[in-house]
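Residue-level listing of the chains:
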Amino acid sequence: MIFLHIPKTAGWTIARHLRDDEKIMDDGFGFAHEITIRDVPENYEDIVFSVVRCPFDRVWSLYNFYGQMRKDAVYGHKPIPDNYSFEDFVSSLKEWSTNEDHEYYMLEYKPCYHWFVPRVFEETEYGWVSNNLHLLRYENIQESYNTFRKTIGLEPFTLKKRNVNPRKKKEAPKYTDKMVNDINSVFSSDIKNFDYTYESFLQREVRNIFHEEDFQKTLSTEVRDYWIKTLKGVS
């Protein structure tokens, strides 16, 4: 089994689980961000899988994670310049994810689909599939992972969270219209292939505020709209 590790998609949690808990991951895979589906031998017939995440959520996680390295930097490495706001970061992502000569270029900033080009996917109960390549949903990772395990003949397994950023800001990110457009542009391949949208991101944020049962049964449309406007920063 091969696991492709995309930054900030629970990759460390899953890779450590496959290597340490079950010992079923092929050597040399699971941790290096540089490895994509294009590095997997064409005649490889065993299972390959990965996890994808909504870009509006993932970008916020990238900013928090690599922004902390401004303080923890060693050997002068600073993935994000000092005093860069989240808005500054989003506006820079196009350049930083494509221009390899740029001082702040990092492949970690690329869309999830970068790791799977040129595959075409079909949606499944747990995520997406393309031949022997399976993609799980970060948004409900435990449920998605157990459903995936069932389809390949494995028992459910409760994942232990690893590499959690204790200093990640708890509040939901605020996106201006320009920031939304920037994300839609830089991560257009994720939006096209995995049907992620800013509106669906806001809906999930509202779900995080309320219990699922309240969201489904008792939360009025007016209350939902109020919280979505609040998350958008609209009065």
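Residues numbered from 1 in each chain as written. Predicted model: local features only at pLDDT ≥ 70, side-chain atom pairs only at ≥ 80, totals over all residues. Heavy atoms only, no water.

Engineer: Please clarify how the overall build of the protein chain should be interpreted in this entry.
Structural biologist: Counting its regular elements, the protein chain contains nine helices and five strands. Helices and strands appear in the protein chain in the N-to-C order β-α-β-α-α-β-β-β-α-α-α-α-α-α. Across the 235 residues of the protein chain, 46% fall into the buried class. Of the contacts formed within the protein chain by residues at least 6 apart in sequence, a portion of 65% connects residues at least 24 apart. When the accessible surface of the protein chain is summed, it comes to about 13000 Å², and 48% of that surface belongs to carbon and sulfur atoms. (Helix = DSSP H or I, 4+ residues; strand = E, 2+ residues; numbered from the N terminus. Buried < 20%, exposed > 50% of the residue type's maximum accessible area, 1.4 Å probe, protein only. Contact = heavy atoms within 4.5 Å. Areas by Shrake-Rupley, 256 points an atom, 1.4 Å probe, with all protein chains shown as cover.)

Engineer: In this structure, what is going on with the packing of helix α3 (residues 86-98) against helix α5 (residues 177-186)? I would like to understand it.
Structural biologist: The description of two packed helices rests on the angle between their axes and on the distance between the axes. In contact at an axis separation of 10 Å, α3 and α5 are set at 25 degrees when each is read in the N-to-C sense. In terms of axis orientation, α3 runs roughly parallel to α5. Here the hand of the crossing between α3 and α5 comes out left-handed. On α5, the residues touching Phe86, Glu87, Val90, Ser91, Leu93, Lys94 and Ser97 of α3 are Lys178, Met179, Asp182, Ile183 and Val186. Across the contact of α3 with α5, the residue classes tally to six nonpolar, two polar and four charged. (Axes fitted to C-alpha atoms, helices over the stretch in contact; angles between N-to-C directions. Parallel < 35°, antiparallel > 145°, perpendicular 65-115°, else oblique. Left-handed = near helix turned anticlockwise from the far one by under 90°. Nonpolar A, V, L, I, M, F, W, Y, C, P; charged D, E, K, R; others polar.)

Engineer: Sorry if this is basic, but what is going on with α5 here?
Structural biologist: It helps to recall that an α-helix has 3.6 residues per turn; residues three or four apart then point in one direction. Burial in α5 covers these residues: Met179, Val180, Asp182, Ile183 and Val186. The buried residues of α5 occupy one face: seen down the axis, they fall within an arc of 160 degrees. Seen from the buried face of α5, the exposed residues on the opposite side, beyond 90 degrees, are Asp177 and Asn181. (Arc of directions from axis to C-beta.)

Engineer: What am I meant to see in the pattern of salt bridges here?
Structural biologist: When their charged atoms lie close together, side chains carrying opposite charge are able to pair. One pass over the full model with this rule turns up six salt bridges. Note that Glu22 is salt-bridged to Arg149, the shortest N-O span being 2.6 Å. A residue pair is termed long-range when its members are at least 10 positions apart, and Glu22 in helix α1 (residues 11-22) and Arg149 in helix α4 (residues 141-151) qualify at 127 residues. The salt bridge involving Asp57 is made with Arg53; its shortest N-O contact spans 3.0 Å. Both residues of the pair, Asp57 and Arg53, belong to the buried class. Overlapping salt bridges bring together Arg16, Arg19 and Asp20 as one network. (Salt bridge = Lys/Arg side-chain N within 4 Å of Asp/Glu carboxyl O.)

Engineer: Please clarify how the sheet that holds strand β5 (residues 133-137) should be interpreted in this entry.
Structural biologist: By way of backbone hydrogen bonds, the strands of a sheet pair with one another, either parallel or antiparallel. If you trace the five strands from one edge of the open sheet to the other, you get β1-β2-β5-β4-β3, paired in mixed fashion. Looking at strand neighbours, the two that pair on one side only are β1 (2-3) and β3 (122-123), the edges of this open sheet. Direction of pairing for β3 relative to strand β4 (residues 127-130): antiparallel, over a ladder of two bridges. Within β4, the position partnered with Glu123 by the bridge is Trp128. Relative to β5, α4 is tilted by about 150 degrees, and along the sheet it contacts β2 (48-52) and β5. (Pairing = 2+ DSSP bridges.)

Engineer: What should I look at first to understand α4 in this one?
Structural biologist: Buried within α4 are the following residues: Ile141, Ser144, Tyr145, Thr147, Phe148 and Arg149. A positive backbone phi angle near 85 degrees is found at Gly153, which sits one or two residues after α4.

Engineer: Mind showing me how you'd approach the side chain of His5 here?
Structural biologist: Mapped onto the secondary structure, His5 falls in the loop between β1 and α1. The class for His5 is buried, based on a relative accessible area of 6%. There is a polar contact of 3.0 Å between the side chain of His5 and the backbone oxygen of Gly30. Those residues in contact with His5 that sit more than four places away from it in its chain are Gly11, Trp12, Gly30, Phe31, Ala32, His33 and Trp115. (Polar contact = N/O pair within 3.5 Å; in protein donor to acceptor, adjacent residues only side chain to side chain.)

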